[in-house]
Amino acid sequence: MFELSLEKLYLLLLEHYGYQNWWPVDEGYHKLKGTDPREEIVIGAVLTQNTAWKNVEKALENIKREGELSLRFIRESKVEELCKLIKPSGFYKIKAERLKHVAEFLNPVGLVQRVSRRELLKVKGVGKETADAILLYAGNRLSFVIDAYTFRLFERLYHLKGDYEYIKAYVESRIPKDLTLYKEFHALIVKHAKTYCKRTPRCGGCFLKNYCLSASPSF
């Protein structure tokens, strides 16, 4: 078993999977419409709560087809209308209300580059993961995102346990303060957790198995 720093983990993941270029946005759409791609990130960060990204993509396509992928459209739309458009993302009634709250708060969207994490967390329906995703990907702020994949990978790889703030502080204190690294590391963790470190892990073929404290050759 070999020691593995977080920075080395990032480099191994990057070497294996390459750059993920998160957050995915439709640049061509926004150029054509004159809308701000940061707003798509904000919308997506709310819609992805408790659902798979493929469901978010369906909801985003509905918004693009029937309206406009912008926070202005969210503000001006009726909740009932939003519910129909975002239904594929699940929990659509709750998420429609949350989108409304976030759209009102981030008016204009440029506030995402100045608002504090504490202020953002006061917005109804914005939890820690959503807030950090908005700050990191829409605001280009150094706020590392912790999600279920991060918890799973770090518990298996390092036997690291703790709540959201503990894991976040642990990561941020051990990696360089670099925006690209923050974004790519989070995206790469998600990629690896979906590829090898699944709920039922695929340890046998995992390139990290010699570093992992929980690796089992039986999987």
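Remember, predicted model here, so these are calculated numbers, not experimental data. (Residues numbered from 1 in each chain as written. Predicted model: local features only at pLDDT ≥ 70, side-chain atom pairs only at ≥ 80, totals over all residues. Heavy atoms only, no water.)

Concerning the overall build of the protein chain
Which entries qualify depends on this criterion: The secondary structure listing takes helices from DSSP runs of H or I that are at least 4 residues long and strands from runs of E that are at least 2 residues long, numbered from the N terminus. Our radius of gyration looks at C-alpha atoms and nothing else; its globule reference is 2.2 Å times the residue count to the power 0.38. The buried label goes to any residue with under 20% of its type's maximum accessible area, the exposed label to any with over 50%, and the partly exposed label to all in between, with areas taken from a 1.4 Å probe on protein chains only.
A tally of helices and strands in the protein chain yields 12 helices and 0 strands. Counting from the amino terminus, helix and strand elements in the protein chain follow one another as α-α-α-α-α-α-α-α-α-α-α-α. A compact globule built from 219 residues would reach a C-alpha radius of gyration of about 17 Å, and the protein chain, at 18 Å, matches this within 12%. Overall, the C-alpha framework of the protein chain stretches about 55 × 35 × 30 Å when taken along its three principal axes. Looking at the 219 residues of the protein chain, the share that counts as buried comes to 48%.

What about the environment of K183?
Keep this limit in mind: Contact criterion: two residues are considered in contact whenever any of their non-hydrogen atoms come within 4.5 Å of each other.
For K183, the location among the structural elements is in helix α12 (residues 179–195). Along the sequence, K183 and L71 sit 112 residues apart, while their C-alpha atoms lie 23 Å from each other. Sequence-distant contacts of K183, defined by excluding residues within four places in its chain, comprise W22, L136, Y137 and N140.

Some points on the packing of helix α3 (residues 37–47) against helix α4 (residues 53–66)
Put simply, the test is: Working convention: axes come from line fits to C-alpha atoms, limited for helices to the stretch in contact. Angles between N-to-C directions cover 0 to 180 degrees. To sort the angles, those under 35 degrees are grouped as roughly parallel, those over 145 as roughly antiparallel, those from 65 to 115 as roughly perpendicular, and the leftovers as oblique. Crossings are classed by handedness, with left-handed meaning an anticlockwise turn of the near helix from the far one by less than a right angle and right-handed meaning a clockwise turn. Each residue gets one of three labels, nonpolar for Ala, Val, Leu, Ile, Met, Phe, Trp, Tyr, Cys and Pro, charged for Asp, Glu, Lys and Arg, and polar for the others, Gly among them.
Between α3 and α4, the shortest axis-to-axis distance is 10 Å and the interhelical angle comes to 130°. Taken together, the axes of α3 and α4 are oblique relative to one another. α3 and α4 meet at a crossing whose hand is right-handed. Mapping the contact onto sequence places E40, I43, G44 and L47 in α3 and W53, V56, A59, L60 and I63 in α4. For the contact of α3 with α4, the class distribution of residues is 7 nonpolar, 1 polar and 1 charged.

What about the side chain of S89?
Examined against the element boundaries, S89 turns out to sit in the loop between α6 (79–86) and α7 (92–105). Sequence-distant contacts of S89, that is, excluding residues within four places in its chain, are made with L47, T51, N55, A59 and K95.

These figures capture arrangement, not role.
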